[in-house]
Amino acid sequence: MKAFWAVVLRDIKLATRIGGDALTVVLFYIMVGAIMPFAIGPDKVLLMKLGPAIIWISALLSLLLALDRLFRTDHEDGSLIAMRQAHLPLEMIVLAKLIAHWLTNAAPLIIATPLLAILLNLDASQTIKVIFTLLIGTPALVCFGAIGAAVTVTIKRGGLIAPILILPLSIPTLIFGVSALSTGAIETASSSALLFLAGFTLLALVFTPFATALALKMGAE
Amino acid sequence: MSKNASIEPTPQDLGFFSRIAHPGYFLQWSKYWLTPLTIITVVLLAFGTYLAFFNSPADYQQGDTVRIMYVHVPNAWLSQFCYAVMVVASVGSLVWRHPLADVSAKAAAPLGATFTAVALATGALWGAPTWGTFWEWDGRMTSTLVMLFIYLGIIALWRTFEDQARAGRIIAVITLVGAINIPIIKFSVEWWNTLHQPASVFRPDGPTMPMSILLPLFVMFFGFSFLFLLLHFISMRAEILRRRVRALERRNAQRLREQQS
Amino acid sequence: MIDISQHFEFILGSYLVTCALVGALVILVNRDYHVQEKRLADLEAKGLRRRSEENKK
């Protein structure tokens, strides 16, 4: 267990050491969210209606952008080979890296969400709900991102290929995440959407470490 | 690693299944299947098309547009069946590391993508007169579209790897991840669809279809299934040959280098 | 032939689209096969053999 937390701490240190790394993702997130009104128009009612969807799409895109860092540097400097030789199973190392990645990439997004919510004219209760669904849903997004990152880590010029693989797999998360926020006639469905979202995230958390570790092993041979 | 991969046991030492799945032996026996399969496919598709246009009645509800079903349904079925083939092949390449399993998975992906595209296009052309729109965000059409995205992603992934043996095993992992996800995606899309619009769209699977409509459907169904089998065989053969060409090109380059030094 | 007056363009269109897409697939798959066959024949004409075939000699 000590080794597990050591990997988590190592990855957090690496992400925060240079300083700008985790912050770039937040900046991208805010910018994508803030650029939407320029396309939609400054209609406050419309923005309030679309707000949760815009926030979710921005979070999805930001996490896609960040996932390439998950294994790439470890693959390039050889740490990944060392990790495969470690006493800790590769599945656990992957889980540790997932936790660290979530803490350094997804958590800052969630913290920055109120700022975006103000720009998009969401009220306080909506903002809290968005944050809540993001808390539940982003682990699933990070999980699928990890699978995509592991599959493409050995490809030198594979910049766009991982998002192409991951986006279709992110559809259920997006559907349940945004549906959990819906109001009006379909409000009754929002609680079941939340449960689906939570179940989906749990499922993703269970099988992702195995799939990711398998992909890494297959890539290293 | 690449050295070991090219040393193949001779077909005679192996059991029945390993023997028919040995790449070299596969090239031999599949050769004799190509002509019969071509004949069966052409006859079935020609007969099916004849039945569809000249020897089947118009449906009492949808009129003549039911004739689109004869191409739409077989392709929709194949769009799922191809993925099932890829899943079985992926298990084969992960568990048994079988080179023919990689070849089979790779050959099935473009076929699946094409059949899915045909299913979508004919679905849209069917939707235009019956629903009044080419595209409806209906559960089935939407999940078929997602299916097409998954196929295209996998094809794109095959094209980015240099080392095809490694690609085979890595893509097997993502194919299996996709297999777990496809039912969830289907469920979520259908759920999302019922949430946003009450089920008013027309469903083509009526409980009773008269024999005169079922017969052309069956003929076309088998016609397209045999077409898949035939094309799968040819693509697999092409892929085996491509790997041999690569191996020989490598040897050629090696030999030239040795001559220079 | 039965008189198909109703939505004839959509029915014909769907069959034509199927023909075009599946036909393109058939042509591409066959062309790929023949290209590989030819490349292999060319390389073997240069005297290159696979390792497993050399061992048999």
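Keep in mind that what you see is a predicted model, and the values were worked out from it rather than measured.

Let's talk about the overall build of chain C
Right, so step 1: In terms of regular secondary structure, chain C is built from 2 helices and 0 strands.
Right, so step 2: A buried classification covers 30% of the 57 residues belonging to chain C.
Right, so step 3: As displayed, chain C offers around 3700 Å² of accessible surface, 60% of which is attributable to carbon and sulfur atoms.

Some thoughts on the interface of chain A and chain B
Right, so step 1: Taken together, the contact pairs 31 residues of chain A with 31 residues of chain B.
Right, so step 2: Between chain A and chain B, the buried area comes to about 2700 Å², and carbon and sulfur atoms account for 80% of it.
Right, so step 3: Remark: the boundary between chain A and chain B carries 1 residue pair in polar contact (both at pLDDT 80 or more).
Right, so step 4: Of all the elements in the fold, those that place two or more residues in the side of chain A that touches chain B are α7 (124-152), α8 (161-179) and α9 (188-220) of chain A.
Right, so step 5: Here the side of chain A that touches chain B gets 12 residues from one element, more than from any other, and that element is α9(A).
Right, so step 6: For the side of chain A that touches chain B, the residue count by class is 24 nonpolar, 5 polar and 2 charged.

Examining the UniProt feature "transmembrane region" (unreviewed entry) in chain B
All names here are of chain B.
Right, so step 1: Listed under "transmembrane region" (unreviewed entry) in the UniProt record, and renumbered for this structure, are residues 32-53, 77-96, 108-128, 140-158, 170-189 and 209-234.
Right, so step 2: Helix makes up 100% of residues 32-53 and strand 0%, with an end-to-end C-alpha separation of 33 Å.
Right, so step 3: The span residues 170-189 shows a helical share of 100% and a strand share of 0%, and its end C-alpha atoms are spaced 28 Å apart.

Observations regarding the pattern of salt bridges
When the charged atoms of two side chains lie near each other, side chains of opposite charge can form a pair.
All names here are of chain A.
Right, so step 1: Per the stated rule, a full pass over the model turns up 12 salt bridges over all chains.
Right, so step 2: The partner of Lys217 in a salt bridge is Glu91, with the nearest N and O atoms 3.6 Å apart. Of this pair, Lys217 sits in helix α9 while Glu91 sits in helix α6 (residues 90-119), and the two are 126 residues apart along the sequence.
Right, so step 3: Residue class for Lys217 comes out partly exposed when judged on its relative accessible area of 29%.
Right, so step 4: A relative accessible area of 19% means that Glu91 is categorised as buried.

Looking at the packing of aromatic side chains
Two descriptors summarise a pair of aromatic rings, namely the distance from one centre to the other and the angle between the planes of the rings.
Residue and element names in this part refer to chain B.
Right, so step 1: By the definition in use, this model includes 23 aromatic pairs over all chains.
Right, so step 2: Arranged with centres 5.3 Å apart and planes meeting at 35°, the rings of Trp77 and Phe221 form a pair that is tilted. Placement of the pair is Trp77 in helix α4 (residues 66-95) and Phe221 in helix α8 (residues 211-260), with a sequence separation of 144 residues.
Right, so step 3: Taken together, a centroid distance of 5.7 Å and an interplanar angle of 80° make the contact between Trp135 and Trp137 edge-to-face.
Right, so step 4: Clustering of aromatic rings is evident, with ring pairs tying together Trp77, Phe81, Phe115, Phe221, Phe222 and Phe228.

The rules behind each value
Residues numbered from 1 in each chain as written. Chains lettered and ligands numbered in written order. Predicted model: local features only at pLDDT ≥ 70, side-chain atom pairs only at ≥ 80, totals over all residues. Heavy atoms only, no water. Helix = DSSP H or I, 4+ residues; strand = E, 2+ residues; numbered from the N terminus. Buried < 20%, exposed > 50% of the residue type's maximum accessible area, 1.4 Å probe, protein only. Areas by Shrake-Rupley, 256 points an atom, 1.4 Å probe, with all protein chains shown as cover. Contact = heavy atoms within 4.5 Å. Buried area = accessible area lost by both parts, 1.4 Å probe. Polar contact = N/O pair within 3.5 Å; in protein donor to acceptor, adjacent residues only side chain to side chain. Nonpolar A, V, L, I, M, F, W, Y, C, P; charged D, E, K, R; others polar. UniProt positions renumbered as here; feature names shortened; annotations may be inferred. Salt bridge = Lys/Arg side-chain N within 4 Å of Asp/Glu carboxyl O. Phe/Tyr/Trp six-rings, centres within 6.5 Å; stacked < 30°, edge-to-face > 60°.

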